[in-house]
Amino acid sequence: MINIVKNNIYDLPTNSGLNYYWCSGFVLGGTIAIQVLTGILLSLLYVADQNISFGCVMGFSNEELSLWLVRYFHIWGASGIFFIMFIHMGRALYYGSYNKGFVWSVGFVLYLLMMIEAFLGYILPWHQMSFWAATVLTGVVQSVPFIGNLLYNYIVGGFGVTNVTLVRMFAAHVIIAFIILGLVGVHLFYLHKQGSNNSLSLSNGYSDSVYFHHYYSTKDLLAVSMFINLIVIVMLISPDLALDSEAYLRADPMTTPVNIKPEWYFLFYYAMLRSISSKIGGLVLVITFLILLWVPFSSNKNGSSYNLVYQLNFWLIASNLFMLSYLGACHPEWPYDWISFICSIFIVIQLIVLKFL
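Just so it is clear, the model here is predicted, and its values are computed rather than measured.

Engineer: Requested: an account of the overall build of the protein, with residues and values cited.
Structural biologist: Secondary structure summary: the protein contains 14 helices and 2 strands in total. By the burial criterion, 48% of the 357 residues in the protein qualify as buried. A separation threshold of at least 6 residues defines the contact pool for the protein, and within that pool the share at least 24 residues apart is 78%. Carbon and sulfur atoms form 72% of the exposed surface of the protein, whose accessible area is close to 18100 Å².

Engineer: Can you tell me about the side chain of His-187, naming the residues and giving the values?
Structural biologist: One can find His-187 in helix 8 (residues 163–194). Given the relative accessible area of 17%, His-187 is considered buried. At 3.1 Å, the side chain of His-187 forms a polar contact with the backbone oxygen of Val-103. Apart from the residues lying within four places of it in its own chain, the contact partners of His-187 are His-88, Val-103, Val-106, Gly-107 and Leu-110.

Engineer: With reference to specific residues and values, describe the packing of helix 11 (residues 267–275) against helix 14 (residues 336–356).
Structural biologist: Running from N to C, helix 11 and helix 14 point in directions that differ by 110°, and their axes come no closer than 8 Å. Taken together, the axes of helix 11 and helix 14 are roughly perpendicular relative to one another. Taking contact as the criterion, the partners of Ala-271, Met-272, Arg-274 and Ser-275 in helix 11 are, on helix 14, Asp-337, Ser-340, Phe-341, Ser-344 and Ile-347. Grouping the constituent residues of the contact of helix 11 with helix 14 by class yields 4 nonpolar, 3 polar and 2 charged.

Engineer: An account of the nonpolar core is requested, with residue identities and associated values reported.
Structural biologist: Ranked by size, the top nonpolar core spans 98 residues in total, and within it Tyr-111, Tyr-269, Phe-289 and Leu-324 carry the most contacts. In terms of residues, this core owes the most to one element, helix 4 (residues 65–94), which gives 16 residues. Shared between two domains, this core holds at least three residues of each, these being domain 1 (19–197 + 213–240) and domain 2 (259–356). With residues near it in sequence (within four places) discarded, Tyr-111 still touches Phe-82, Met-85, Phe-86, Met-89, Phe-268 and Tyr-269.

Engineer: An account of empty space enclosed by the protein is needed here, citing residue identities and associated values.
Structural biologist: One pass over the structure, following the stated rule, counts 2 cavities of 30 Å³ or more. The calculated volume of the largest cavity comes to roughly 50 Å³. Taken together, Ala-133, Val-136, Leu-137, Ile-260, Lys-261, Pro-262 and Tyr-270 form the lining of the largest cavity. By residue class, the composition of the lining of the largest cavity is 6 nonpolar, no polar and 1 charged. Taken domain by domain, the lining of the largest cavity gets at least three of its residues from each of domain 1 (19–197 + 213–240) and domain 2 (259–356). Roughly 30 Å³ of volume is contained in the second largest cavity. Every residue along the wall of the second largest cavity is listed here: Ala-271, Arg-274, Ser-275, His-331, Pro-332, Tyr-336, Asp-337 and Ser-340. For the lining of the second largest cavity, the secondary-structure elements that each account for two or more residues are helix 11 and helix 14.

Engineer: Kindly report on helix 8, identifying the contributing residues and their values.
Structural biologist: Taking 1.5 Å per residue, 32 residues should reach 46 Å; helix 8 reaches 46 Å between its end C-alpha atoms and fits that length. Regarding helix 8, the residues found buried are Thr-165, Leu-166, Met-169, Phe-170, His-173, Ile-176, Ala-177, Ile-180, Leu-183 and His-187. The inward-facing, buried residues of helix 8 contact helix 2 (24–43), helix 3 (53–62), helix 4, helix 5 (101–123), helix 6 (128–142) and helix 7 (148–156). One or two residues past the end of helix 8 sits Gly-195, with phi positive at roughly 85°.

Engineer: Let's hear about the environment of Gln-35: which residues, and what values?
Structural biologist: Among the secondary structure elements, Gln-35 is positioned in helix 2. What makes Gln-35 buried here is its relative accessible area of 11%. Along the primary structure Gln-35 and Ile-75 are separated by 40 residues, whereas in three dimensions their C-alpha atoms are 9.0 Å apart. Discounting residues that sit within four places of it in the chain, Gln-35 has contacts with Phe-73, His-74, Gly-77, Ala-78 and Ile-81.

Engineer: Let's hear about a nonpolar patch on the surface: which residues, and what values?
Structural biologist: Taken together, the side chains of Leu-37, Ile-40, Leu-41, Leu-44, Leu-45, Val-174, Phe-178 and Leu-181 make up a nonpolar region of the molecular surface, amounting to roughly 710 Å² of accessible area. Looking at the nonpolar patch, the elements with two or more residues in it are helix 2 and helix 8. Its location among the elements puts Ile-40 in helix 2.

Engineer: How would you summarise the environment of Tyr-122 if you had to cite specific residues and measurements?
Structural biologist: By the secondary structure assignment, Tyr-122 is in helix 5. On the basis of relative accessibility, which here comes to 13%, the residue Tyr-122 falls in the buried class. Along the sequence, Tyr-122 and Ala-78 sit 44 residues apart, while their C-alpha atoms lie 9.8 Å from each other. Not counting the four nearest positions on each side in its chain, Tyr-122 is found in contact with His-127, Met-129, Ser-130, Ala-133, Lys-261 and Glu-263.

Engineer: Please set out the packing of aromatic side chains residue by residue, giving values where relevant.
Structural biologist: For the structure shown, the criterion picks out 25 aromatic pairs. Ring geometry for Tyr-98 versus Trp-104: centroids 6.1 Å apart, planes at 65°, classification edge-to-face. Seen from their ring centres, Tyr-269 and Phe-289 are 5.9 Å apart, and the 75° between their planes marks the pair as edge-to-face. Here Phe-289 lies in helix 12 (residues 279–294) and Tyr-269 lies in helix 11, a separation of 20 residues in the sequence. With respect to burial, Tyr-269 and Phe-289 carry one shared label: buried. Following the ring pairs from residue to residue traces out a cluster consisting of Phe-82, Phe-86, Phe-108, Tyr-111, Trp-264, Tyr-265, Phe-266, Phe-268, Tyr-269 and Phe-289. Directly above the aromatic system of Tyr-72 lies the positively charged group of Arg-71, at a separation of 5.4 Å from the ring centroid. Over the aromatic face of Tyr-98 sits the side chain of Lys-355, whose NZ or CZ is 4.7 Å from the ring centroid.

The rules behind each value
Residues numbered from 1 in each chain as written. Predicted model: local features only at pLDDT ≥ 70, side-chain atom pairs only at ≥ 80, totals over all residues. Heavy atoms only, no water. Helix = DSSP H or I, 4+ residues; strand = E, 2+ residues; numbered from the N terminus. Buried < 20%, exposed > 50% of the residue type's maximum accessible area, 1.4 Å probe, protein only. Contact = heavy atoms within 4.5 Å. Areas by Shrake-Rupley, 256 points an atom, 1.4 Å probe, with all protein chains shown as cover. Polar contact = N/O pair within 3.5 Å; in protein donor to acceptor, adjacent residues only side chain to side chain. Axes fitted to C-alpha atoms, helices over the stretch in contact; angles between N-to-C directions. Parallel < 35°, antiparallel > 145°, perpendicular 65-115°, else oblique. Nonpolar A, V, L, I, M, F, W, Y, C, P; charged D, E, K, R; others polar. Core = buried A, V, L, I, M, F, W, Y, C linked by side-chain atoms within 4.5 Å. Domains from an automatic or database assignment. 1 Å grid on protein atoms, 1.4 Å probe; cavity = no way out; pocket = protein on both sides within 12 Å on 5 of 7 lines; lining within 4 Å. Points joined across faces, edges and corners; volume = space filled by probe spheres on them. Expected span 1.5 Å × (residues − 1). Patch = residues over 30% accessible without salt bridge, like charges linked within 9 Å, V, L, I, M, F, W, Y side chains within 5 Å. Salt bridge = Lys/Arg side-chain N within 4 Å of Asp/Glu carboxyl O. Phe/Tyr/Trp six-rings, centres within 6.5 Å; stacked < 30°, edge-to-face > 60°. Lys NZ or Arg CZ within 6 Å of the ring centre and 35° of its normal.

Rendered as structure tokens:
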């Protein structure tokens, strides 16, 4: 056991040319570990019942300062995880790391599971926005041809979002958290087996290598400590910045919020879903985007290091995602829906160019 730890952490050969973008994986792992810890603490006190859940969650914030800190760090930790995850995936796209098929594929599955986990966690407080977000997004599942109704009944547990749905989502939220931890280990296994990419896209990822400790261990610890401190500072200065005003209203099936919207890290998907009037059309568009994002190979093996056209296309994709995120927060009316459709088509074309041309 000691030799395994030593060979995979202490004496791990690592390319000497890695910049701070390569710290994003370690920061992500550290944030996930703290998120799981705070989630375990909250799960011990949470009650999955539509008549109790909202008051239970509000009690976390009103009863004791320690519970307030745990709950709000869990809220901000989710946003922090997706912020770092976008940087981590963006770096992989920018430098062509997706050509390492197993590492990229396991990481992509982790991204999908993190989205499911975040959505399930968003439902648990059972406030207005969480209830209606569950109603809208599970309705999209129902539109899937042939198996849509079966999937909807299995997920929701009936003809609509009820207490049965809440209990199932709480159970799934806890289970998926530990699946994510297991897949993180698989991701690291393939990373150490295939080797990390580097900013110069050298053919041998371990050329000009140094030991991981102390060269990169201290660098990663500095990065994760600074990021955790940043989350805590923002959380203490403006704790409700990550929450919608509807988060302080108990779920009411008879009152629909004026503008239903998910968390910020889902806004560009939400804009794609709404850009086509047909639910199945929006779902196909999102699935197409995810498949193109996943494709673990490219005609360009060196990423953007030696290709200005690739760099331009990458930053156009990033700009397009920012635009879609803004449009996802707007009302679903003209011209926002029309612009969302144009941006969605463009980003699919840009991903095809990125991966295949």
